[in-house]
Amino acid sequence: MSSSSDQTRRTIILTAVAAAAHMAASNPAAAADEDLPGSDERPQKADVLVFAEGERAGEIINPKDLTLGGPPVRAWPKDPKTSVIRKGSRLNEVLVVRLDPAELDDETRARGADGIVAYSAICTHAGCPITAWVKGAAGDKAVLQCVCHNSEFDPRQSAQVVFGPAPRRLAALALATADGALTVTAAFGGKVGAQQAG
């Protein structure tokens, strides 16, 4: 004879399993996308950038989609030949921001596309996602900020650390524009994420 608490526990477990099965069945494409060959590979030359979130998730980012001066847009690289979005690893997510080309240092300007620059969305300190676009602690321009430990990175200066404990700048992606899309021209310049993030 089973007790009332065993029945309750069994009901909760069965409900959770049923809910998980329903979610997987109702959105099999989301799980399948992350398992496609190439989805966890780092950005490759000729990949295009697509929106990572929102109602336009998966659509190609056109330079006109970006507001001058920010805020940044979260993006994934997409293989244009296979249509695989490389979202199988969080280390592939990038932040894309359009800035005044005159504000960029020479290295950043050379890697950008008409003032549009792209950096890893993963902080180099503890591997947290970079989620804020705020006025910098050390200046009057907006910077990329990791709110976990308040590291700030200046996108105009190759995402150099301008505040906080991050040990190094963010990895950068070199971009070009082609056929109305932002195209990757080289692999990440620099190590992506924190030491333990691999």
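The numbering scheme is per chain: residues are counted from 1 as the chain's sequence reads. Local features in a predicted model are, by the rule used here, given only for residues with pLDDT of at least 70; side-chain atom pairs are given and counted only at 80 or more, and totals for whole chains, interfaces and linings are based on all residues. Only heavy atoms go into the side-chain values, all of them from the structure, while hydrogens and water stay out.

Participant: How should the overall build of the protein be read in this particular structure?
Facilitator: Runs of E in the DSSP output that reach at least two residues are strands. Runs of H or I that reach at least four are helices, and both are numbered from the N terminus. What the protein contains, in helices and strands, is three helices and 11 strands. Of the regular secondary structure in the protein, the N- to C-terminal order runs α-α-β-β-β-α-β-β-β-β-β-β-β-β. Buried means the residue's accessible area, taken with a 1.4 Å probe over protein chains only, is under 20% of the maximum for its type, while exposed means over 50%, and partly exposed covers the values in between. Within the protein, the fraction of its 198 residues that count as buried is 40%. Taking the intrachain contacts of the protein between residues at least 6 apart in sequence as the baseline, contacts between residues at least 24 apart amount to 53%. Areas reported here follow the Shrake-Rupley algorithm with a probe of radius 1.4 Å; residue values treat only the protein chains shown as occluding. With an accessible surface of roughly 10300 Å², the protein has 54% of that area assigned to carbon and sulfur atoms. Residues count as neighbours in contact if any of their non-hydrogen atoms are within 4.5 Å of one another.

Participant: Can you help me understand the side chain of Ser89 in this one?
Facilitator: Looking at the element boundaries, Ser89 is found in the loop between strand S2 (73-78) and strand S3 (94-98). Residue Ser89 is classed as buried on the basis of its relative accessible area of 15%. For Ser89, the contacting residues outside a window of four places in its chain are Ser39, Asp40, Arg42 and Trp76.

Participant: For this particular structure, what's the right way to read the side chain of Asp154?
Facilitator: Tracing the backbone shows Asp154 in strand S7 (residues 151-154). A distance of 2.9 Å separates the side chain of Asp154 from the backbone nitrogen of Arg156, its partner in a polar contact. Discounting residues that sit within four places of it in the chain, Asp154 has contacts with Val143, Ala159, Gln160 and Val162. Polar contacts here mean pairs of N or O atoms no more than 3.5 Å apart (in protein, one a potential hydrogen donor and the other a potential acceptor; neighbouring residues in sequence count only if both atoms are side-chain atoms).

Participant: Would you explain the pattern of salt bridges in this entry?
Facilitator: For side chains of opposite charge, pairing can occur when their charged atoms come near one another. By convention in these notes, a salt bridge is any Lys or Arg side-chain nitrogen within 4 Å of a carboxyl oxygen on Asp or Glu. Counted under the stated rule, the structure contains 12 salt bridges. With its nearest N and O atoms 3.2 Å apart, the salt bridge here joins Arg56 to Asp65. Residue Asp65 is classed as partly exposed on the basis of its relative accessible area, which comes to 27%. Of the charged contacts in the structure, one is a salt bridge between Arg111 and Glu107, with a shortest N-O distance of 3.5 Å. Here the residue Arg111 and the residue Glu107 both occupy positions in helix H3 (residues 106-111), the gap between them amounting to four residues, near one helical turn. Since its relative accessible area comes to 16%, Arg111 is described here as buried. Exposure remark for Glu107: the relative accessible area of 40% places this residue in the partly exposed category.

Participant: How do you make sense of the pairing of S2 when you look at a structure like this?
Facilitator: Successive residues of a regular strand alternate their side chains across the two faces of the sheet. Counting buried positions along S2 gives six out of six residues, so the element sits mostly inside the fold. Side chains Val73, Ala75 and Pro77 of S2 all project onto a buried face; the interleaved residues Arg74, Trp76 and Lys78 project onto the opposite face, where all are buried too. Bridging between strand S1 (residues 48-51) and S2 involves four bridges; their strand directions are antiparallel. Pairing of Leu49 across the sheet is with Pro77, part of S2. By this definition, two strands are paired if DSSP reports at least two bridges between them. Across three bridges, the pairing between S2 and S3 is antiparallel. In the sheet register, Val73 faces S3, and the bridge partner there is Val96.

Participant: Just checking my understanding: could you explain the confidence of the model for the protein for this structure?
Facilitator: On a scale of 0 to 100, pLDDT captures the predictor's confidence in every residue. Taken over all residues, the pLDDT of the protein has a mean of 85, while the share at 70 or more is 81%. For the protein, per-element mean pLDDT is lowest for helix H1 (residues 4-26), which scores 47, and highest for S3, which scores 98.

Participant: What is the right way to look at the sheet that holds strand S8 (residues 160-163) in this model?
Facilitator: Backbone hydrogen bonds are what pair the strands of a sheet, in a parallel or an antiparallel way. Judged by pairing direction, the sheet is antiparallel, and its four strands sit side by side in the order S5-S6-S7-S8 without closing on themselves. Two strands in the sheet have a free side with no partner beyond their single neighbour: strand S5 (132-135) and S8. Taking each pair of neighbouring strands and ignoring which way they run, the sheet shows an average axis angle of 45 degrees. The pairing of S5 with strand S6 (residues 142-146) spans four bridges and is antiparallel. Looking at the pairing, Val134 lines up with Val143 of S6. Orientation is described by axes fitted as lines to C-alpha atoms, over the contacting stretch for helices, and by angles from 0 to 180 degrees between their N-to-C directions.

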